Amino acid sequence: MKIEQVPFTTIDWSQVPKVEHPGERGTSHRRSFEMGNIRVRMVEYGPGCSCQVADGAAPHRSVTEKGATLFVVD
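Described in the following lines is the structure provided in the data block. (Residues numbered from 1 in each chain as written. Predicted model: local features only at pLDDT ≥ 70, side-chain atom pairs only at ≥ 80, totals over all residues. Heavy atoms only, no water.)

### Observations concerning the overall build of the protein chain
- From N to C terminus, the protein chain includes 0 helices and 4 strands.
- Starting at the N terminus and ending at the C terminus, the protein chain contains elements arranged as β-β-β-β.
- Scored against the burial criterion, the 74 residues of the protein chain give a buried share of 19%.
- Once local pairs closer than 6 in sequence are excluded, the contacts in the protein chain between residues at least 24 apart make up 43%.
- Summed over all atoms, the accessible surface of the protein chain reaches about 5,900 Å², with 50% contributed by carbon and sulfur. (Helix = DSSP H or I, 4+ residues; strand = E, 2+ residues; numbered from the N terminus. Buried < 20%, exposed > 50% of the residue type's maximum accessible area, 1.4 Å probe, protein only. Contact = heavy atoms within 4.5 Å. Areas by Shrake-Rupley, 256 points an atom, 1.4 Å probe, with all protein chains shown as cover.)

Following this line, the structure appears as structure tokens:
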């Protein structure tokens, strides 16, 4: 991934609207920011999460029992 047309930027996530997304066994809350050719999402759910997946790879999900924050850049 090559990030282009994105100057140094800070995001105050508390000012970005939170959207609830129901899942099979609970919900997640997401905040999204887009600039240049990237989208950054802060997804709040289970602790200790990390996931990586290639473009066009199989569908994926993260599941935890205690909650966490996951940042997604695509």
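Moving on from the coordinates now.
### Quick word on the environment of glycine 36
- With respect to the helices and strands, glycine 36 occurs in the loop between β2 (27-35) and β3 (38-45).
- Each C-alpha atom of the pair glycine 36 and glutamate 4 lies 6.1 Å from the other, and the pair is 32 residues apart in sequence.
- What glycine 36 contacts, discounting residues up to four positions off in sequence, is Glu4, Gln5 and Val6.

### Comments concerning a nonpolar patch on the surface
- Taken together, the side chains of Met1, Ile3 and Val73 define a hydrophobic patch exposed on the protein surface, amounting to about 330 Å² of accessible area.
- Among the secondary structure elements, isoleucine 3 is positioned in the segment before β1 (19-22). (Patch = residues over 30% accessible without salt bridge, like charges linked within 9 Å, V, L, I, M, F, W, Y side chains within 5 Å. Salt bridge = Lys/Arg side-chain N within 4 Å of Asp/Glu carboxyl O.)

### Some details on the pairing of β2
- With 4 bridges connecting them, β1 and β2 associate as antiparallel partners. By the bridge assignment for β2, proline 22 is matched with threonine 27.
- Count of turn residues in the β1/β2 antiparallel hairpin: 4 residues, of which glycine 26 carries a positive phi of about 155°. (Pairing = 2+ DSSP bridges.)

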